[in-house]
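Remarks on the overall topology
Spelled out, the chains give:
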Amino acid sequence: MSRTTKDAPPPLPEPLRVPVADSHTHLDMQEGTVEDALAKAASVGVTTVVQVGCDVNGSRWAAETAAAHDAVHATVALHPNEAPRIVLGDPDGWSRQGAREAGGDAALDAALAEIDALAALPHVRGVGETGLDHFRTGPDGMAAQQRSFRAHIEIAKRHGKALVIHDREAHDDVLRILREEGAPDTVVFHCYSGDAEMAKTCAEAGYLMSFAGNVTFKNAQPLRDALAVAPPELVLVETDAPFLTPAPYRGRPNAPYLIPVTLRAMAEVKGMTEDALATAVAANTARAFGY
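Residues numbered from 1 in each chain as written. Predicted model: local features only at pLDDT ≥ 70, side-chain atom pairs only at ≥ 80, totals over all residues. Heavy atoms only, no water.

1. Remarks on the environment of K218
Tracing the backbone shows K218 in the loop between β7 (208–211) and α9 (221–229). When the C-alpha atoms of K218 and A288 are compared, they prove to be 30 Å apart, with 70 residues separating the residues in sequence. (Helix = DSSP H or I, 4+ residues; strand = E, 2+ residues; numbered from the N terminus.)

As structure tokens, then:
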């Protein structure tokens, strides 16, 4: 594949007959305008997107964008990797804010208060992505992550909003903290990454599982096994764009218009028709985010 092909956006897929939602996307990290992204998505039957906040600025942007566009709903949160950066500082400037001084617990409290205020807005439909990330955060950051996660659970419950979870290599701890705190009525495991056993645990608790483009990857059999046992009424589809572009376009920029590629692969795994899965996914997303 030439360098230019690798950077080129994948072609438009065949449109879905039953319109669906992209339950988790980051329009602020994608090329082009919001209007263009929404038009392109709508042209293939992706008529709604959930724009997800990862820090205070991104959450503000998500809320403003949802207020300006009927097709966009927002979620607001501090990403699990954001919490330790606020508390301990970010000398390398790895996050979008660049290098930051350590702010301690007081700075985390101030950021959480901003998220709490945004979560009260009517076009903000969820609190997330929050949770735990053992992949990127070392032991020193775990306390900040867990404190932030527990605070987000409380915010979601108080405002009656869906809780959107980022769980990376932290399944047991995420499930444990949900049990300890008492989960909100609606919990969505974004970019579901557990196995079939965990999918059964989530199903018993009534947690929704959102599958992204990585369900199409060659090495993702455990994910497909999980999808196979996940009840259709608890399944969502997402892009997590610009990340996790589905095969055969892996490595190229992802966007909401590629949802049909992932949904068709999911229908095959579940032994359902494309229309039946699209109908279920559309109803599940609307129910989860209350639109």
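What follows continues from the structure just given.
2. Examining the packing of helix α10 (residues 259–270) against helix α11 (residues 274–289)
At a closest axis distance of 9 Å, the pairing of α10 and α11 adopts a crossing angle of 110°. With respect to α11, the axis of α10 lies roughly perpendicular. Seen from α10, the contacting residues are L263, R264, M266 and A267; seen from α11, they are E274, L277, A278 and V281. (Axes fitted to C-alpha atoms, helices over the stretch in contact; angles between N-to-C directions. Parallel < 35°, antiparallel > 145°, perpendicular 65-115°, else oblique. Contact = heavy atoms within 4.5 Å.)

3. Some points on the sheet that holds strand β1 (residues 20–25)
Within a sheet, each strand pairs with its neighbour through backbone hydrogen bonds, oriented either parallel or antiparallel. In spatial order, the strands read β1-β2-β3-β4-β5-β6-β7-β8; together these eight strands make up an open sheet with parallel pairing. Among the strands making up the open sheet, the edge pair consists of β1 and β8 (235–237). Sheet twist, expressed as the mean angle between neighbouring strand axes with direction ignored, is 30°. (Pairing = 2+ DSSP bridges.)

4. Topic: unusual backbone geometry
Both trends apply: most residues other than glycine have a negative phi, and most peptide bonds are in trans. Cis geometry is found at the peptide bond from G128 to E129, where omega equals 15°. Tracing the backbone through its elements, the reader meets E129 in strand β4 (residues 124–133). Cis geometry marks the peptide bond from A247 to P248; its omega dihedral reads 5°. Mapped onto the fold, P248 is located in the loop between β8 and α10. Backbone geometry at D240 places phi at a positive 55°, although glycine is not the residue there. Relative to the helices and strands, D240 is located in the loop between β8 and α10. A positive phi angle is found at L244, which is not glycine, with a value near 55°.

5. Things to note about the packing of aromatic side chains
Think of a pair of aromatic rings as described by two things: how far the centres are apart, and how the planes are tilted against each other in angle. Inspection of the entire model under this criterion finds two aromatic pairs. Seen from their ring centres, F189 and Y207 are 5.9 Å apart, and the 35° between their planes marks the pair as tilted. Remark: Y207 occurs in the loop between α8 (196–205) and β7 and F189 occurs in strand β6 (residues 187–189); sequence separation between them is 18 residues. Both residues of the pair, F189 and Y207, belong to the buried class. Look at Y192 and F211: their rings are 5.4 Å apart centre to centre, the planes differ by 45°, and that puts the pair in the tilted class. In this pair, Y192 sits in the loop between β6 and α8 while F211 sits in strand β7, placing the two residues 19 residues apart along the sequence. The pair formed by Y192 and F211 is uniform in burial state, with each residue classed as buried. Over the ring of F217 we find R250, and its NZ or CZ is 3.7 Å from the ring centre. (Phe/Tyr/Trp six-rings, centres within 6.5 Å; stacked < 30°, edge-to-face > 60°. Buried < 20%, exposed > 50% of the residue type's maximum accessible area, 1.4 Å probe, protein only. Lys NZ or Arg CZ within 6 Å of the ring centre and 35° of its normal.)

6. Notes on the pairing of β7
Neither face of β7 is open: one carries L208 and S210, the other M209 and F211, and all of them are buried. As judged from the two bridges shared by β6 and β7, these two strands associate in the parallel manner. Opposite V188, over in β7, you have L208 as the bridge partner. In the sheet, β7 pairs with β8 via three bridges, with the strands oriented parallel.

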